[in-house]
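Okay, here's what each chain looks like letter by letter:
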Amino acid sequence: MPRTRKKKIPITNTDKASSSSTPTSSRTVIRRFHVLLKKQRQLKNASSANAEVLGEIEHEIDELGGLAAYQRMSSIGQGNDRGGGSEKVLIQWLIHMELRKREAKGKLRLLEVGALKPDNYRTCMSWIDTTPMDLRSRHPSIVEQDFLLMDEDENRGKWDIISLSLVVNFVPDPRDRGRMLCLAHSMLTPDGLLFLALPLPCVENSRYLTFDKLQSLMDVLGFTEVQRKWKNGGKMAYWLYRKSEGDHKTLHEYRKKTVCRQGDRNNFAILLP
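Residues numbered from 1 in each chain as written. Predicted model: local features only at pLDDT ≥ 70, side-chain atom pairs only at ≥ 80, totals over all residues. Heavy atoms only, no water.

(A) Molecular detail of the UniProt feature "binding site: S-adenosyl-L-methionine" (unreviewed entry) in the protein. UniProt's entry tags G114 and D134 with the feature "binding site: S-adenosyl-L-methionine" (unreviewed entry), counted in the numbering of this structure. These annotated residues cover 21 residues of sequence, and their C-alpha atoms all fall within 4.5 Å of one another, placing them together at a single site. If you trace the backbone, G114 turns up in the loop between β1 (108-113) and β2 (128-134). A relative accessible area of 23% means that G114 is categorised as partly exposed. (UniProt positions renumbered as here; feature names shortened; annotations may be inferred. Helix = DSSP H or I, 4+ residues; strand = E, 2+ residues; numbered from the N terminus. Buried < 20%, exposed > 50% of the residue type's maximum accessible area, 1.4 Å probe, protein only.)

(B) Structural view of the nonpolar core. Counting 39 residues, the largest nonpolar core has F147, I162, L164, V168, L181, L194 and M218 as the members making the most contacts within it. Mapped by element, the contributors of at least two residues to this core are β1, β4 (159-165), α6 (174-187), β5 (188-199), α7 (201-204), α8 (211-221) and β7 (236-243). Residue contacts for I162: discarding those within four places in its chain leaves L110, L111, V113, A184, M187, L188, L193, L194 and F195. Within the second largest apolar cluster, 18 residues are counted, among which are V89, L90, L99 and I128. (Core = buried A, V, L, I, M, F, W, Y, C linked by side-chain atoms within 4.5 Å. Contact = heavy atoms within 4.5 Å.)

(C) Representation of the pattern of salt bridges within the structure. For the structure shown, the criterion picks out 6 salt bridges. Note that D119 and R122 form a salt bridge whose closest N and O atoms lie 3.7 Å from each other. Take D119: its relative accessible area is 33%, and that puts it in the partly exposed class. As a salt-bridge pair, D176 and R179 come within 3.6 Å of each other at their nearest N and O atoms. Placement of both D176 and R179 in helix α6 is noted, with a separation of 3 residues, approximately one turn of the helix. On the basis of relative accessible area, R179 is assigned to the partly exposed category, the value being 30%. The network of salt bridges with shared partners includes E152, D153 and R156. (Salt bridge = Lys/Arg side-chain N within 4 Å of Asp/Glu carboxyl O.)

Structural data, given as structure tokens:
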């Protein structure tokens, strides 16, 4: 008798993400979601948008499960069986800086943007006061809020630490990515800290961004690098910056795309508004 094959059910069609999904399938959903969101934003901003194409894109986003599916896949990737979340890197750096020993000054106020779990910093509750937030809250303790729509005046100089872990790369518009960094600088206290985590290919294999260009952009915005971490062949890159004074005279140099490298590369870019 001929062997019959079971039809495989795509991970993107499941309503419940579990730890059985593979890292590869999770990354596939996330990457496809990024592509669709970018196309959706471009069509909505176009003067003569193709309604049929836009409808197809939005239909595929719905078929993938929308933002909820992206969050489930990302949450699985942060599980302890996958090495845990990026908060481990930040906590290690803060401890190394001896910020755990500042009881007299009160707890550090941390704004965790893009939080998929409410308790990422539960081991640091004695010295870090965390406010987790996300576009779509998955828990009552996570504030449902778009960082780009936060009141800048109300939050100016409010936060000791802002975490943008796998957040900037999720924003479809390159100028909104830059605006996100500008807002973070405004909302940090003097000498406040910005934790930035990106997929390594966003910088290592981008047509418009290199490590040196990212560093110069952050310098212009007023961020001094304190720590950085990545490894060749790895998937993630991490930075810790301290708020400082920027050189706003050269902001115009980062308001348009400039090709840094040729070849088969991705189009990830950060532009200043």
